[in-house]
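Chain by chain, the residues:
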Amino acid sequence: MNTPATSNNADCSGEQIAYKDSTYELVSKVAFLIGVPQRIFENEHEAPQLDVFNRLLKDKNARIIRNLCIIRTSIERNFKKINDIMRTDYRGLLSMPEIIPSECIQQLSEDGISFIKKTSTKLCHHIIEINRIISDRINNCKSFFPIWINWSYIKELFIMPNGFTEGGTRDAASIYYANLQCYPYQMYINWKPVDEGNILFNDKKFVTLLYQWHHDVFTEYNRVSDAGAFVKNNIYDFINDSQKTVVVVDCENSDPYKLCAALRNLDYEVMQKISKIILFDDVHTVNAWKILEYSVKIPVEHIMTERVKQNKSLVDIQLTARACREHYQNQVDSFVVVSSDSDYWGLISCYDRARKMRAGYESRACRFRNILLLS
């Protein structure tokens, strides 16, 4: 596979057009778990995001899968060389830091994982043990991915076919080595390797190909789309003119992934002017709003409201009352009201000097259609 750095300009330009306005959350998580080197995350011209790397590195389950995948790829890439060293020099995997990264071995040991089969001298038996541990533990990473992505498709990338047998490990090594340039950043995954360019180019391209590999079609592109330039420009202009901004969110009528994408792509200086995000939620909405707490470096307050009746929510009145309190008590001069509910125009009009802006965002099968801005 050619990474963006090695692809020709025409190919990159074509992909940017075909998959424009995409997010990078999914590809960053997959890249971390399959073992893509940290330097790729640190390169601002590559798709994997460094903040995702740093976040997952703190999670034991993510670290275990990543380190096992790095070691498995190192063995697959150097199978013959390692085999020869083991046979002629009587050295084990732990004594080959030039091939098997010692920091991965160390982290796995600290996390209570050992894959070395002391009763066997065959290299393939070490791979089989790695495959077994990955198979047992990969479901621990399911919570890193949103519920709208087919987890079984993601999971399959980590499971080596017939990986508990010597024949399966040999077949996987042969396919991998023969098609090394087709693999994402040359890291091993379970797929039928073809030259698709950088399959981790962005979330839109990745989910499109992932579903195609399973003879399926991904349709919820609003989930992997960044907020449109028009919306972001309105937010920039609005917040730049403010002193203290609070984002208030009607969780019943908004989409957490769209809001997360919009906020994550704001400039640092703009983000600094947002003092708080207040979520107004009830038991009938999704719990995906937790993504904000992990994805944006802004304090998040999550307020749960009870219903007076099954079909009557108190979210709108709670949001209105809290906005007034923030304005008069905490001297907040600007609010970003996130909702597709037009009822909040009553709140906007109550301020004598309110500046009203409405940035429309329409997307198929998407609840996040409007951002209402007032100052």
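Please refer to the structure higher up on the page.
What you see is a predicted model, and the numbers here were worked out from it, not measured in a lab.

Draft legend 1. Molecular detail of the side chain of Glu 76. With respect to the helices, strands and loops of the structure, Glu 76 is situated in helix H5 (residues 60-77). Buried and unpaired, Glu 76 has no salt bridge, with Arg 72 as the nearest side chain of opposite charge at 6.5 Å. When sequence neighbours within four positions are dropped, the list of residues in contact with Glu 76 reads Ile 127, Met 160, Thr 169, Ala 172, Ala 173, Tyr 176 and Tyr 177.

Draft legend 2. A look at the pairing of strand E4 (residues 334-338). Here E4 lies mainly inside the structure; five of its five residues are buried. Where burial is concerned, the two faces of E4 agree: the one with Ser 334, Val 336 and Val 338 and the one with Phe 335 and Val 337 are both buried. For strand E1 (residues 245-250) and E4, the ladder comprises five bridges, and the chain directions are parallel. Looking at E4, one finds that Val 247 is bridged to Val 336.

Draft legend 3. A look at the pairing of strand E2 (residues 274-282). With seven of nine residues buried, E2 is to be regarded as a mostly interior element. The sheet contact formed by E1 and E2 spans six bridges and is parallel. Residue pairing across strands places Val 246 opposite Lys 276, the latter belonging to E2. One ladder, built from six bridges, connects E2 with strand E3 (residues 300-305); its direction is parallel. Within E3, the position partnered with Leu 279 by the bridge is His 302.

Draft legend 4. A look at the environment of Asp 241. Assignment of secondary structure puts Asp 241 in the loop between helix H12 (229-240) and E1. In this structure, the C-alpha to C-alpha distance between Asp 241 and Ser 334, residues 93 residues apart in sequence, is 9.0 Å.

Draft legend 5. Spotlight on the packing of aromatic side chains. Tallied over the full model, the rule gives twelve aromatic pairs. Ring centres 6.2 Å apart and planes at 20° place the aromatic pair Tyr 183 and Tyr 188 in the stacked group. The exposure classification of Tyr 183 matches that of Tyr 188, with both residues buried. Taken together, a centroid distance of 5.1 Å and an interplanar angle of 55° make the contact between Trp 191 and Trp 213 tilted. Here Trp 213 lies in helix H11 (residues 203-213) and Trp 191 lies in the loop between helix H10 (166-178) and H11, a separation of 22 residues in the sequence. Using a relative accessible area of 10% as the deciding quantity, one classes Trp 191 as buried. One aromatic cluster in this structure is built from Trp 148, Tyr 153, Tyr 211, Phe 218 and Tyr 221.

What counts and what doesn't
- Residues numbered from 1 in each chain as written.
- Predicted model: local features only at pLDDT ≥ 70, side-chain atom pairs only at ≥ 80, totals over all residues.
- Heavy atoms only, no water.
- Helix = DSSP H or I, 4+ residues; strand = E, 2+ residues; numbered from the N terminus.
- Buried < 20%, exposed > 50% of the residue type's maximum accessible area, 1.4 Å probe, protein only.
- Lys, Arg positive; Asp, Glu negative; His and termini not counted.
- Salt bridge = Lys/Arg side-chain N within 4 Å of Asp/Glu carboxyl O.
- Contact = heavy atoms within 4.5 Å.
- Pairing = 2+ DSSP bridges.
- Phe/Tyr/Trp six-rings, centres within 6.5 Å; stacked < 30°, edge-to-face > 60°.

Purely spatial values, then, with no claim about function.
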